[in-house]
Amino acid sequence: MDLAGKKIVLGLTGGIACYKAAELTRALGKAGASVQVVMTQAATQFITPVTMQALSGKPVYADQWDARIANNMAHIDLSRDADAIVIAPCSTDFISKLVHGACDDLLSTLCIARPAHLPLLVAPAMNVEMWQNPATQRNVAQLQADGIALLGPDTGAQACGENGMGRMLEPEQLLEQIIASFQPKILAGKHVLLTAGPTFEPIDPVRGITNLSSGKMGYAIARAARQAGAIVTLISGPTALDAPFGVQRIEVQTAQQMHDAVLEQLTGQDVFIAVAAVADWRVANASAQKLKKDDDDGAPVLEFAQNPDILATVAALPKRPYCVGFAAESENLLQYGEQKRQRKNIPLLVGNIGHHTFGKDDNELVLFDALGHTLLPRNDKQALARQLIAVIASRLPH
Ligand code: CTP
């Protein structure tokens, strides 16, 4: 669980987006966090403390003079063992209060009284004109200068019927950003390019050859790289997965398309991670029309041509990024893995232990480099992805 053991104070201010805060509370809980909800009086006009209490499993605080805290200092106590304060939704008015250091309700006082190291993240939610107003923009700039993290806002249809910037991010996008805020920014400013998923080589317009890769490992690495601060481009074969938040995804089908997309995106990349299960061969005599089974020739005879080796092509370039390959062997992993690393001429190769990893949520890896091999014991793919990103980050020039 991405937020296991984390304690989050979730502040709600007045805005129709309060309904999304209900879902965010559940999502935070599912990710392992414990959530302490604090509401302004305006927020209670949009959603009741009863709802938020039921979802968070904890009494909600909305009043500075709440007598339930023994020393009557809710504004101090609530933030002392927290790992982050998240204000979602954050109204125009509350942004202004944060900027000016107002202390006229529990939530604003709690924010001012937070320990200096405690992260404060705000998710603005307001009408487009309110967002664009120079006063708001001035305040938002000051907020960021004060080290407060801004989550969104997004653009799109608004509850008031207008359209534009100011929509609060969706709960799952907020969750993703909150998780990312806890990750060390070990790849800040680095550009990372990945391939992931299977490829699909057509036989005719409705049939083709593919493999069992689900894309989960590659997508988990893309997500981990983004959470570590990288600018991430993911070239993906056909998968059922959503693009990780903040990752640019380019969708392709064939190995040739994947190869072309990689070369197109390569300029300026610091790291290239080839996770895709690329088909080694394509059907050379693919039919432009659907093959019919009652054709006179009987069963079709497929001819194969070799696909380009994307990783080997990139690794052979004179100004190559730091290259990482993957290997799925069915036997002799330790021997074949190191041989493959040397053959592909790359500094790091990741071996899947066993070839039954396709589609699973966990995995077990061996890393091969010039010094030997290291085991990353069985874990879920996201945790392994973070470990791999940490290893890659440690190998890059600073
Ligand atoms: N790869 C690639 N382009 C290909 C084939 C593979 O970029 N046409 C990359 C994969 O993404 C992976 C690595 O090369 O990172 C190893 O792929 P694999 O198919 O296991 O290795 P091969 O060199 O094809 O060797 P073999 O199939 O004989 O095991």
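Refer to the structure presented above.
Quick notes on the rules
- Residues numbered from 1 in each chain as written.
- Predicted model: local features only at pLDDT ≥ 70, side-chain atom pairs only at ≥ 80, totals over all residues.
- Heavy atoms only, no water.
- Near = heavy atom within 4 Å.
- Polar contact = N/O pair within 3.5 Å; in protein donor to acceptor, adjacent residues only side chain to side chain.
- Areas by Shrake-Rupley, 256 points an atom, 1.4 Å probe, with all protein chains shown as cover.
- 1 Å grid on protein atoms, 1.4 Å probe; cavity = no way out; pocket = protein on both sides within 12 Å on 5 of 7 lines; lining within 4 Å.
- Sits in = over half its atoms within 2 Å of the grid points.
- Helix = DSSP H or I, 4+ residues; strand = E, 2+ residues; numbered from the N terminus.
- Nonpolar A, V, L, I, M, F, W, Y, C, P; charged D, E, K, R; others polar.
- Buried < 20%, exposed > 50% of the residue type's maximum accessible area, 1.4 Å probe, protein only.
- Pairing = 2+ DSSP bridges.
- Right-handed = clockwise from strand over helix to strand, strands pointing away.
- Contact = heavy atoms within 4.5 Å.
- Core = buried A, V, L, I, M, F, W, Y, C linked by side-chain atoms within 4.5 Å.
- Axes fitted to C-alpha atoms, helices over the stretch in contact; angles between N-to-C directions.
- Phe/Tyr/Trp six-rings, centres within 6.5 Å; stacked < 30°, edge-to-face > 60°.
- Lys NZ or Arg CZ within 6 Å of the ring centre and 35° of its normal.

Peer 1: Help me understand the site of the ligand, please; the structure alone is not making it clear to me.
Peer 2: Surrounding the ligand, one finds 13 residues, the nearest of these being Ala 274, Ala 276, Phe 326, Lys 340 and Lys 344. Between Pro 308 and the ligand, the recorded distance is 2.9 Å, taken from a backbone N or O atom to a nitrogen atom. Lys 340 is positioned with one of its side-chain polar atoms (N or O) 2.7 Å from an oxygen atom of the ligand. Considering the ligand on its own, with 570 Å² of exposed area, one finds that the protein chains cover 77% of that surface. Taken atom by atom, the bulk of the ligand overlaps the largest pocket. At the level of secondary structure, the elements contributing two or more residues to the shell around the ligand comprise helix H12 (310-315), strand S16 (322-328) and helix H13 (333-344). Broken down by element, the shell around the ligand gets its largest block of residues, 3 residues, from H13. Counted by class, the shell around the ligand contains 7 nonpolar, 1 polar and 5 charged residues.

Peer 1: Can you help me understand the pairing of strand S1 (residues 7-12) in this one?
Peer 2: Within a regular strand, the side chains alternate between the two sheet faces. The element S1 is largely enclosed, with a buried count of 5 among its 6 residues. Note that S1 and strand S2 (residues 34-39) share 6 bridges and pair parallel. Within S2, the residue paired with Leu 12 across the bridge is Met 39. Read as a crossover between parallel neighbours, the route from S1 over helix H1 (residues 18-30) to S2 is right-handed.

Peer 1: Can you help me understand the environment of Thr 92 in this one?
Peer 2: Positionally, Thr 92 belongs in helix H5 (residues 92-100). Linking Thr 92 and Val 140, residues 48 residues apart in sequence, is a C-alpha distance of 9.4 Å. Ignoring sequence-local partners within four residues, the contact set of Thr 92 consists of Met 126, Met 130 and Thr 136.

Peer 1: Help me out: how do you make sense of the nonpolar core in this one?
Peer 2: It is characteristic of soluble globular proteins that their nonpolar side chains tend to be buried jointly. Grouped together as the largest cluster of nonpolar side chains are 35 residues, with contacts concentrated most on Leu 187, Leu 194, Ile 221 and Ile 273. Looking at this core, the elements that each hand over two or more residues are strand S8 (191-196), helix H10 (216-227), strand S11 (231-236), strand S13 (271-274), S16, strand S17 (348-352), strand S18 (362-369) and helix H14 (381-395). Counting residues in hydrophobic clusters, the runner-up holds 33 residues, among them Cys 18, Ala 21, Val 35 and Val 60.

Peer 1: Help me understand the sheet that holds strand S4 (residues 120-124), please; the structure alone is not making it clear to me.
Peer 2: By way of backbone hydrogen bonds, the strands of a sheet pair with one another, either parallel or antiparallel. The strand order S2-S1-S3-S4-S5 describes an open sheet built from 5 strands, whose pairing is parallel. The strands lining the two open edges of the sheet, one partner per strand, are S2 and strand S5 (149-150). Across 4 bridges, the pairing between S1 and strand S3 (residues 84-90) is parallel. Note on S3: the bridge partner recorded for Ile 8 is Ala 84. Strands S1 and S2 of the sheet are contacted by helix H3 (residues 49-56), whose axis makes an angle of about 170° with S2.

Peer 1: How do you make sense of the packing of aromatic side chains when you look at a structure like this?
Peer 2: The way to describe two aromatic rings as a pair is by their centre distance and the angle between their planes. Taken as a whole and assessed by the stated rule, the structure comprises 0 aromatic pairs. One residue, Lys 6, lies across the ring of Phe 182, its end atom 4.9 Å from the ring centre.

Peer 1: Help me understand the environment of Asp 270 in this model?
Peer 2: Residue placement: Asp 270 occurs in the loop between helix H11 (255-265) and S13. Asp 270 sits in the partly exposed class, given a relative accessible area of 29%. With residues up to four places along the chain from it excluded, the contact list for Asp 270 reads Gly 189, Lys 190, His 191, Pro 321, Tyr 322 and Leu 396. Separated by 2.7 Å, the side chain of Asp 270 and the backbone nitrogen of His 191 make a polar contact.

By themselves, these are just geometric observations and shouldn't be taken as functional.
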